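Analysis of the macromolecular model
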Amino acid sequence: MDSIDRKILQTLERDGRISNTNLAGQVGLSASACLRRTQDLEQNGYIKGYRAILDRSRLGGEVTVFVMVGLSAQLSKDAREFEAAMEAAEEVRECHNITGSVEYLLRVEVDSLASYKSFHTDTLGVLPQVARMTSHISLGSSKDKRA
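Everything in this summary refers to the structure shown in the same document. (Residues numbered from 1 in each chain as written. Predicted model: local features only at pLDDT ≥ 70, side-chain atom pairs only at ≥ 80, totals over all residues. Heavy atoms only, no water.)

Attention now goes to the pairing of strand S2 (residues 92-97). For S2 and strand S3 (residues 104-110), the ladder comprises five bridges, and the chain directions are antiparallel. What sits directly across from glutamate 94, in S3, is arginine 107. A loop of six residues connects S2 with S3, the two strands running antiparallel in sequence, and glycine 100 in this loop sits at a positive phi of about 120 degrees. (Pairing = 2+ DSSP bridges. Helix = DSSP H or I, 4+ residues; strand = E, 2+ residues; numbered from the N terminus.)

Below, the structure written as structure tokens:
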């Protein structure tokens, strides 16, 4: 990993749809050398993939809630079962295992507070692994660099 590889990654992080020719020009390489380096970065796991960033507010995901979840036990089977339930829950956009006073931080997107209440009650509230939940409703995001 050298400075050119880092420039490639920074540029792709900002604009994953940039053409190889434009990318090469921005990082100071020929198109063929840039393509080789980009493919190497992909094959070596530095680039996990490319995705479209959707406007959730236009798709009905107008409410974002960050939920801190504490598990009732510290057994690995409980963590696996909880993670599987979160993988299956369409409202959960991210599930992070964290350190601190709780085990998980979720980013949940729903179309209304009523929908969140239903998720809170009927999805999280019925899991035997869940001991406590704290919800934080997002009022807006001044910075979001997720791709």
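If you trace the four strands from one edge of the open sheet to the other, you get S2-S3-S1-S4, paired in antiparallel fashion. Every other strand in the sheet has two partners, leaving S2 and strand S4 (130-137) as the edge strands with one partner each. Taking the axes of each pair of neighbouring strands and ignoring which way they run, one obtains an average angle of 20 degrees across the sheet. One ladder, built from seven bridges, connects strand S1 (residues 63-71) with S4; its direction is antiparallel. Within S4, the position partnered with valine 67 by the bridge is serine 135. (Axes fitted to C-alpha atoms, helices over the stretch in contact; angles between N-to-C directions.)

So, on to helix H5 (residues 113-124). Every buried residue belonging to H5 is among Tyr116, Phe119 and Leu124, and all of these are buried. The buried side chains of H5 occupy one side of the element, clustering within an arc of 55 degrees when seen end-on. In H5, the exposed positions angled more than 90 degrees off the buried face are occupied by Ala114, Lys117 and Asp122. (Buried < 20%, exposed > 50% of the residue type's maximum accessible area, 1.4 Å probe, protein only. Arc of directions from axis to C-beta.)

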